[in-house]
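One letter stands for each residue in the lines below.
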Amino acid sequence: MTTKNVATLVVETLRDMGVKHVFGVPSGGWVDYMEAMRLTDGIEFVLTTHEGGAAFMADVCGRLSGAPGVCFGTFGPGATNLSTGVGSALLDRSPMIALTDEMVESMRGRVTQMGIDHQALFRPLTKMTTRLQADKVAQIINDAASVALSARPGPVHIGLPFGMSAEPAGAGERRIPQAQEVTRCPDESLESIQAVILQSRKPVLAVGLGAVRAGLQSQVLRLAEKFGMPVVLTPMAKGFLSEDHPLYAGVLFHALSDIVGQTHQQADLVVAVGYDPVELNLEQWMPKAPLMNIDTVPVDLDQSEYELALDVTGDIAHSLDRLLAVEPFETDWDLHALALRREEMFEKMSSAAGSFGPCKTLEILREQLPQDGIMTSDVGAHIHLIGQKWQTPGPDLQIMTNGWSSMGFAIPAAIAAKLTRPEQTVCAVVGDGGFLMTAGELAVAVRENLNIVFVLLTDNDLALIRIKQEKKGNPIYGTPIRERGTIGGDNIFGVPVMKAATANEFDTALKQAFLTDGPVIVEALLSSREYDDLVLRKDKP
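J.: I'm lost on the packing of aromatic side chains in this one. Help?
T.: The description of an aromatic ring pair uses the distance of the two centres, along with the angle that the planes make with each other. According to the stated counting rule, one finds 8 aromatic pairs in the structure shown. Aromatic side chains Tyr275 and Trp285 sit 6.1 Å apart centroid to centroid with 40° between the ring planes, which places their arrangement in the tilted category. Within this pair, whereas Tyr275 is found in the loop between strand 10 (269–273) and strand 11 (291–295), its partner Trp285 is found in the loop between strand 10 and strand 11, the two being separated by 10 residues in sequence. Summarising the burial analysis for this pair, Tyr275 and Trp285 share the class buried. Pairing Phe356 with Phe506 gives two aromatic rings, centres 5.9 Å apart and planes at 45°, and the pair type is tilted.

This is the structure:
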């Protein structure tokens, strides 16, 4: 039996755990790995324009595929470029394996071209960092995947010593990595759950990313309906509860969050399920009411200012089952008043007759995107509007970055979504500021012939910063993207551009774009002033 080299075993091990795409910019040291992917069925290398885009793509593949997303960067600048997207996976809780070249042992710590300590670089950006050994290839990669998938998922970095790819690989265990099982909460805490909920008359349910990741939609819905609890969501939990559900109160932190606050500020108990403070610290919105936290990790709360009634740490589904065993009781919530607040909130975000701004753009896009279509959003004023306004039929149908919140996310995210779920319609919504950061990745969409509609909101303004300047009474400075005009010509990197200055033009262009083979940009020429009265509202007085 011929011994496989390290590159081949690395690629086959990744393929066997469900990895279908590896994103990156190659180096000389990566050539053997690319050749192994060329010869291995079921996995392919995707050349990106920038390593940061590669890591964003791996982040989203990790979210949508169930296997860790995988990306590569070379020495020095390749690794530092990659690190932006690796940080996204860390704070957006996406399983990832980030691979980089590393110096051979004799050159580590010496002064040499492109030489930095990659282990030190990635240590604060990952759950774990290690380096490959020729005799432990499968073990190291499988262990890395298990760490990436476990608890709050995240990235693991593996350094690939230069030249090791061609060495013979030691025989390793070929297994499918599994996330480590979460232990159940002790019985005494579970018994306290029932006592705490029975003491409340106005409990509110705060659902976070951890509940989405654990697939707890059915349980949480039953819990809310059993006790008549209004539900608030963190932005990355969008789609967990329908916006027209009678108990839906809105999304924290995003547009018109002050109206959402009119509900949660009445609560006498906050029941947080899978709540991850990486999106929004509890203290930023919670009323002065006790907190019952149900999660896989202990709560992060300033207990000098806020009361922790109970911290239920362990398997969330099991803890919710215990809570669901409590006999239902009447709460004091006025659900009619909740409905009026919800109606007011959506009415304020409705476009005015004859207008063409961000609100109208999203309304037209929502009409045309299929219910199971995926929309990715970049960071900017529009993400605050999307977070509250966009009707999201289910989890993973609206993809954003909120823990990391990097501009430039939406384009690579849409590419990864289409590669991972090719049967679903995919679009991206991106402002002109974020567009300029990763526009080069459009070349990937062209090369892969991906049917993606990129909706470009051109307002020539970094609106969130401009609004903050004006609130401080400062003049507008450093935020205009250009004096006037559009983002470019009729074609960018091989992607046709359709321009729209009115609602009718946008509607027509969008219909044509969704019928076009390959990627298309629909550029909406807007004013950013519609955001001013909708975003950056306080979650509580």
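J.: Got a minute to help me understand the state of the cysteines in this structure?
T.: Counting across every chain of the model gives 0 disulfides. Here Cys427 stays unpaired: no disulfide links it, and the sulfur of Cys359, its closest cysteine neighbor, is 17 Å away. Given a relative accessible area of 0%, Cys427 falls into the buried group.

J.: What exactly am I supposed to notice about the pairing of strand 7 (residues 203–207) here?
T.: Moving residue by residue along a regular strand, the side chains alternate between the two faces of the sheet. In terms of residue burial, strand 7 counts as a mostly covered element, since 5 of its 5 residues are buried. Residues Pro203, Leu205 and Val207 of strand 7 are buried on one face, and the alternating residues Val204 and Ala206, pointing to the opposite face, are buried as well.

J.: Honestly, the environment of Ile116 in this entry has me stumped. Any pointers?
T.: Within the fold, Ile116 resides in the loop between strand 4 (96–102) and helix 5 (118–122). Look at Ile116 and you get partly exposed, because its relative accessible area is 43%. Put simply, Ile116 and Gly208 are 92 residues apart on the chain and 37 Å apart in space, counted from C-alpha to C-alpha. Residue contacts for Ile116: discarding those within four places in its chain leaves Gly76, Thr80 and Leu121.

J.: Explanation requested: the pattern of salt bridges in the structure shown.
T.: Pairs may arise between side chains of opposite charge once their charged atoms sit close together. Counted according to the given criterion, the structure contains 22 salt bridges. Glu35 serves as the salt-bridge partner of Arg38, at 2.7 Å between the closest nitrogen and oxygen. Of this pair, Arg38 and Glu35 both sit in helix 2 (residues 31–39), 3 residues apart, roughly one helical turn. Across the salt bridge formed by Arg93 and Asp276, the nearest N and O atoms sit 2.6 Å from each other. Here Asp276 lies in the loop between strand 10 and strand 11 and Arg93 lies in the loop between helix 4 (77–91) and strand 4, a separation of 183 residues in the sequence.

Calculation criteria
Residues numbered from 1 in each chain as written. Predicted model: local features only at pLDDT ≥ 70, side-chain atom pairs only at ≥ 80, totals over all residues. Heavy atoms only, no water. Phe/Tyr/Trp six-rings, centres within 6.5 Å; stacked < 30°, edge-to-face > 60°. Helix = DSSP H or I, 4+ residues; strand = E, 2+ residues; numbered from the N terminus. Buried < 20%, exposed > 50% of the residue type's maximum accessible area, 1.4 Å probe, protein only. Disulfide = S-S within 2.5 Å. Contact = heavy atoms within 4.5 Å. Salt bridge = Lys/Arg side-chain N within 4 Å of Asp/Glu carboxyl O.

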